[in-house]
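So you can see what is in the structure, the chains are spelled out below.
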Amino acid sequence: MNRFSIHFKPNGYVNPIRMTSQFLGIPLYKVNAFFVDGLLIDTGFTFGRDRFLKLLDTLHPEIVVNAHHHEDHTGNNFSIREKYGLLPLAHPRTFFYLQDPSQWLPWYRRLVWGCPPPSETGELDSKIQTKHFLFLVIPTPGHSDDHVCLYEPNEGWLFSGDLFLSEQMKYLREEENVFSIIDSLKKVAALHPKKMFCSFNGVVDQPMDALHKKIEYLENLQKGVEEGSRQGLSPREIQRRLLGIGDQMGFFTAGEISKKNLIHAFIKNMPEYPSALLGG
Ligand SMILES: [Zn+2]
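Residues numbered from 1 in each chain as written. Predicted model: local features only at pLDDT ≥ 70, side-chain atom pairs only at ≥ 80, totals over all residues. Heavy atoms only, no water.

Caption draft 1: Here's a closer look at the side chain of Asp72. By secondary structure assignment, the location of Asp72 is in helix H2 (residues 71-74). The side chain of Asp72 sits in the buried core without any salt bridge; Arg173 is the nearest counter-charge, 5.8 Å away. Those residues in contact with Asp72, other than ones at most four positions away along the chain, are Val31, Gly44, Phe45, Trp113 and Asp162. (Helix = DSSP H or I, 4+ residues; strand = E, 2+ residues; numbered from the N terminus. Buried < 20%, exposed > 50% of the residue type's maximum accessible area, 1.4 Å probe, protein only. Lys, Arg positive; Asp, Glu negative; His and termini not counted. Salt bridge = Lys/Arg side-chain N within 4 Å of Asp/Glu carboxyl O. Contact = heavy atoms within 4.5 Å.)

In C-alpha cells form, the structure reads like this:
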C-alpha cells in the first residue's frame, strides 16, 4: 500500500535526493537528503530503503551526517552502517533518540515514513572536511534539541535541515521551541548564506530574504498573540484571528502538530498570562 518515489538528477557539486512517500496513491510528504562531494546529509525514510541504497551504490558516500533524529532524516542509518560500514555522525543527543525510535515515534509518522530500526551515531566534530569543501557544524536547536545545520563558508552553502521549512509556519510540534527556532534562524542568517539547501523545499536561491521573512513572520505573530491577550481574547480566539479557522493538522496528528501549539508557545512565555486559560 505504501509507495515511495525517489528523484535524483546530478547537478554540480550539491545534489538533492528528493524522496516522496505515498499512501494509496496519495503523495503524503517529501523530504530531501543531499549528496555533496562524498558527504551524505541525511538518510531518508525507512520505507524507501531499497531504492535509496540502490542509489547510494552509485554515489559511494564516504561520510554520513544526520541533521537531527527525526525518522525522515535517519530512516536508513541502520542499513547504511550494515551495508557500507559507515557510522552516521550527529549531535550527541541523536544517539539516545536512535537507540529505540519506536519509543517516541507516533503511529501516523510510522504510517508515512516507517519506523527506523535502532541504530548508532558517532559524535559530530565542529567541522567536516571533504575532498573539496569544509563544512562547519552549526548547532541550531528549536525544531528539535539535537538539530544541526552545516555551513560551507567559502561557497556560502547552508544545509538547513528542518530549521527553515517555510516562510509562514502555521503549526508547531509539541516538542518544538519557537524561541529557539527564532534564535537559530538569526544565527544562520548572521552567516549570510548565498544558497540554502532545505530538507523540505530543496534548493532556496535567496536564503537571506527567506530567513528574514520567516524571522519577521514569527516575531509579528508573537506581537499579535500578546496584543490579542491584552485585549482579553482567549487562546482559541487569538488562534482564529492570527492563523485562521480550523486545525486539520492538529486533528490528524492528535495534537502533535497544531496551530494551538504555536499560539500556546507564545502565550506560555507571557508572565502575566494566567496559565488556567491555556486549557481553552
Ligand atoms: Zn524534523
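Caption draft 2: Structural detail: the packing of helix H8 (residues 235-243) against helix H10 (residues 259-268). The interhelical angle for the contact between H8 and H10, taken along N-to-C directions, is 115°, at an axis separation of 10 Å. Here H10 runs roughly perpendicular to H8, going by the angle between their axes. Crossing geometry of H8 relative to H10 is assigned as right-handed. Between H8 and H10, the residues in contact are Pro235, Ile238, Gln239, Leu242 and Leu243 and Lys259, Lys260, Leu262, Ile263, His264 and Ile267, respectively. Of the residues that constitute the contact of H8 with H10, the class distribution is seven nonpolar, two polar and two charged. (Axes fitted to C-alpha atoms, helices over the stretch in contact; angles between N-to-C directions. Parallel < 35°, antiparallel > 145°, perpendicular 65-115°, else oblique. Left-handed = near helix turned anticlockwise from the far one by under 90°. Nonpolar A, V, L, I, M, F, W, Y, C, P; charged D, E, K, R; others polar.)

Caption draft 3: Representation of the coordination of the zinc ion. Protein-derived ligands of the zinc ion are His68 (NE2), His70 (ND1), His143 (NE2) and Asp162 (OD), with the metal-ligand distances lying across 2.1 to 2.3 Å. Here the zinc ion binds four donor atoms, and the angle range of 91 to 170° at the metal identifies the geometry as irregular. Donor residues binding the zinc ion come from one chain and are separated in sequence as H-x1-H-x72-H-x18-D. Here the residue His143 occupies a position in the loop between strand E9 (134-139) and strand E10 (148-152), and Asp162 occupies one in the loop between strand E11 (157-161) and strand E12 (172-173), the gap between them amounting to 19 residues. Asp162 matches His143 in its accessibility class, with the two residues each being buried. (Donors = N, O, S within 2.8 Å, 3.2 Å for Na, K, Ca; no water. Tetrahedral: all angles 85-135°; square planar, octahedral: opposite > 155°, others 65-115°.)

Caption draft 4: Summary view of the layout of surface pockets. Size it by volume and the largest pocket reaches roughly 920 Å³. For the largest pocket, the lining is made up of 35 residues, of which Tyr29, Tyr108, Arg173, Met249 and Ile257 are closest to its centre. Looking at the lining of the largest pocket, the elements that each hand over two or more residues are strand E3 (26-36), H2, helix H5 (107-113), E12 and helix H9 (248-252). With six residues, the top contributor of residues to the lining of the largest pocket is H5. Surrounding the second largest pocket, His7, Phe8, Lys9, Asn11, Pro16, Arg18, Lys30, Asn32, Phe200, Asn201, Gly202 and Val203 form its lining. At the level of elements, strand E1 (2-8), strand E2 (14-23), E3 and strand E14 (202-204) are the ones that each hand at least two residues to the lining of the second largest pocket. Residues belonging to the lining of the second largest pocket are distributed by class as follows: four nonpolar, five polar and three charged. (1 Å grid on protein atoms, 1.4 Å probe; cavity = no way out; pocket = protein on both sides within 12 Å on 5 of 7 lines; lining within 4 Å. Points joined across faces, edges and corners; volume = space filled by probe spheres on them.)

Caption draft 5: The pairing of E3, seen in detail. Where E2 and E3 come together, 10 bridges link them in antiparallel fashion. Residue pairing across strands places Arg18 opposite Asn32, the latter belonging to E3. Note that E3 and strand E4 (residues 39-41) share three bridges and pair antiparallel. Among the inter-strand pairings, Val36 is bridged to a residue of E4, identified as Leu39. (Pairing = 2+ DSSP bridges.)

Caption draft 6: Inspection of the packing of aromatic side chains at higher detail. One pass over the full model with this rule turns up 16 aromatic pairs. A ring pair is formed by Tyr97 and Trp104, whose centres lie 6.2 Å apart and whose planes are at 85°; its orientation type is edge-to-face. On the numbers, 6.3 Å between centres and 65° between planes, the contact of Phe133 with Phe135 is edge-to-face. The burial state of Phe133 is the same as that of Phe135; both residues are buried. Chaining the aromatic ring pairs together yields one cluster made of Tyr13, Phe34, Phe133, Phe135, Trp157, Phe159 and Phe197. Positioned above the aromatic ring of Phe200 is the side chain of Lys30, whose terminal nitrogen or guanidinium carbon lies 5.0 Å from the ring centre. The positively charged end of Lys214 is found above the aromatic ring belonging to Phe164, 5.8 Å away from the centroid. (Phe/Tyr/Trp six-rings, centres within 6.5 Å; stacked < 30°, edge-to-face > 60°. Lys NZ or Arg CZ within 6 Å of the ring centre and 35° of its normal.)

Caption draft 7: Quick look at the sheet that holds strand E13 (residues 195-198). Taken in spatial order, the six strands make up an open sheet running E8-E9-E10-E11-E13-E14, and their pairing is mixed. The open sheet has two edge strands, strand E8 (127-129) and E14, and neither has a second partner. Averaged over all adjacent pairs, the angle separating strand axes in this sheet is 25°, with direction ignored. Looking at chain direction, E10 and E11 are connected through three bridges and run antiparallel. Each residue of the ladder has a partner; that of Leu150, found in E11, is Phe159. Sitting on the sheet, helix H7 (residues 207-230) is in contact with E13 and E14, with an inclination near 60° to E13.

On their own, these measurements won't tell you what the molecule is for.
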